[in-house]
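Survey of secondary and tertiary structure
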Amino acid sequence: MSSLESYKKQLLEQAAQVGALKFGNFTLKSGRKSPYFFNAGLMSDGTILHTVAQAYAATLCAAASDDDPTVNPFADFDILFGPAYKGISLAACTALVLSSMHGRDVKFAYDRKEAKDHGEGGSVVGWPSGRNEKWRVVIVDDVMTTGLAASSAIKLVARQGGEVVGVVQLLDREEFSEIDDQGCKVSSVMKLESLLGGKGKVRSVLKMRDLVQWLEEKEAQGETTEEEKRCLQAMREYRDTYGVSSA
């Protein structure tokens, strides 16, 4: 197994430092007991925002390297859309890094929770005008639980006359959210990709497997705390119980 990419290590280390990534015993909205919890809202200083934006940009550029745009549409999009509220800063910072470090100039837009009835009005800020064809949009999400926020954003973009070609999220927990009629485990990512037209339309900066590998590499170097050692085994067991396979 190859070592974890440096930008992923940096992001995980900084997330743990600011308390955005925690290990322990947490009850999720689903009622499941999780050995880890990721709160992107705590990544709120300039240093980690820069790291996060670099990681999103690296993920988008890696996705764009696929030679077949029918499989991987991230090579050609116009707008990064950040659903309110967490997605706003994530989309803005990522657009900045794409331009300054990768030479890719894309717009960014976001929604308001309540429509504005004065000034420019409406419920979307930053949406461009003056072109007849559809704008191609990538949604920036943080940690997908049910996929509701992304699904709502897809509908909003459609009302604006745009087309969502993909979603990039910060963390894929790689666990199923339901069992289908055939008895197969289905995750929120799978459902969202089906809505968008196929596999590969949702990309993730981090996956649950990356958290496990990060802890395993720290353990091999003798750098894990006792709590991290306990949580590593708990995460393996959690993955065996709730995990789904993803590329």
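To be clear, the structure that these remarks concern was listed above.
Description of the structure in this document. Remember, it's a predicted structure, so these values are computed and weren't measured experimentally.

1. So, the packing of helix 2 (residues 46–64) against helix 3 (residues 86–102)
- The contact between helix 2 and helix 3 brings their axes to 8 Å, and the two run at 65 degrees. Considering the angle they form, helix 2 stands roughly perpendicular to helix 3. Crossing hand, helix 2 versus helix 3: right-handed. Every residue of helix 3 that contacts helix 2 at V52, A53, Q54, Y56, A57, A58, L60 and C61 is listed here: L90, C93, T94, V97, L98, M101 and H102.

2. A look at the packing of aromatic side chains
- This structure, assessed with the given rule, holds 5 aromatic pairs.
- Measuring from ring centre to ring centre gives 6.5 Å for F23 and W214, while their planes differ by 25 degrees; the resulting arrangement is stacked. With a gap of 191 residues between them, F23 in strand 1 (residues 21–27) and W214 in helix 6 (residues 208–220) connect regions that are remote in the sequence.
- Following the ring pairs from residue to residue traces out a cluster consisting of F176, Y238 and Y242.
- The cationic tip of R32 hangs over the ring face of F176; the distance from NZ or CZ to the ring centre is 4.5 Å.
- In this structure, R173 packs its charged tip against the face of Y36, placed 4.3 Å from the ring centre.

3. Let's talk about the pattern of salt bridges
- Across all of its chains, the model carries 12 salt bridges by this definition.
- E175 is paired through a salt bridge with R32; the nearest N and O atoms lie 2.7 Å apart. With E175 in the loop between strand 7 (163–172) and strand 8 (178–179) and R32 in the loop between strand 1 and strand 2 (33–38), the pair connects residues that are 143 residues apart, well separated along the chain.
- Across the pair K86 and D142 runs a salt bridge whose closest N-O atoms are separated by 3.7 Å. Residue K86 is found in helix 3, and its partner D142 is found in strand 6 (residues 136–143); the two are separated by 56 residues along the sequence.
- Classification of K86 as partly exposed rests on a relative accessible area of 40%.
- Take D142: its relative accessible area is 12%, and that puts it in the buried class.
- Within the structure, one salt-bridge network assembled from shared partners comprises E5, K8 and D210.

Criteria and cut-off values
- Within any chain, residue numbers begin from 1 and follow the written order of that chain's sequence.
- Local features in this predicted model are restricted to residues of pLDDT 70 or higher, and side-chain atom pairs are both shown and tallied only at a pLDDT of 80 or more, whereas totals for entire chains, interfaces and linings draw on every residue.
- Each side-chain value is derived from all of the structure's non-hydrogen atoms; neither hydrogens nor water enter the calculation.
- What counts as an axis is a line fitted to C-alpha atoms, over the stretch in contact for a helix, and the angles between N-to-C directions run from 0 to 180 degrees.
- Runs of H or I in DSSP of at least four residues are treated as helices and runs of E of at least two as strands, each being numbered from the N terminus.
- In what follows, roughly perpendicular refers to angles from 65 to 115 degrees, roughly parallel to angles under 35, roughly antiparallel to angles over 145, and oblique to any angle outside these ranges.
- Handedness of a helix crossing follows the sense of rotation of the near helix relative to the far helix, less than a right angle counterclockwise being left-handed and clockwise being right-handed.
- Contacts: residue pairs with any heavy atoms within 4.5 Å of one another.
- Any two rings among Phe, Tyr and Trp, with Trp reduced to its six-membered ring, count as a pair given centres within 6.5 Å; such a pair is stacked if its planes are under 30 degrees apart, edge-to-face if over 60, and tilted if neither.
- Here, over-ring charges are defined by two tests on the NZ atom of lysine or the CZ atom of arginine: distance to the ring centre within 6 Å, and angle to the ring normal within 35 degrees.
- For this document, the term salt bridge refers to a Lys or Arg side-chain nitrogen within 4 Å of an Asp or Glu carboxyl oxygen.
- The classification of residues rests on relative accessible area computed with a 1.4 Å probe and restricted to protein chains. Under 20% of the type maximum is buried, over 50% is exposed, and intermediate values are partly exposed.

None of the figures reported here should be taken as evidence of function without further support.
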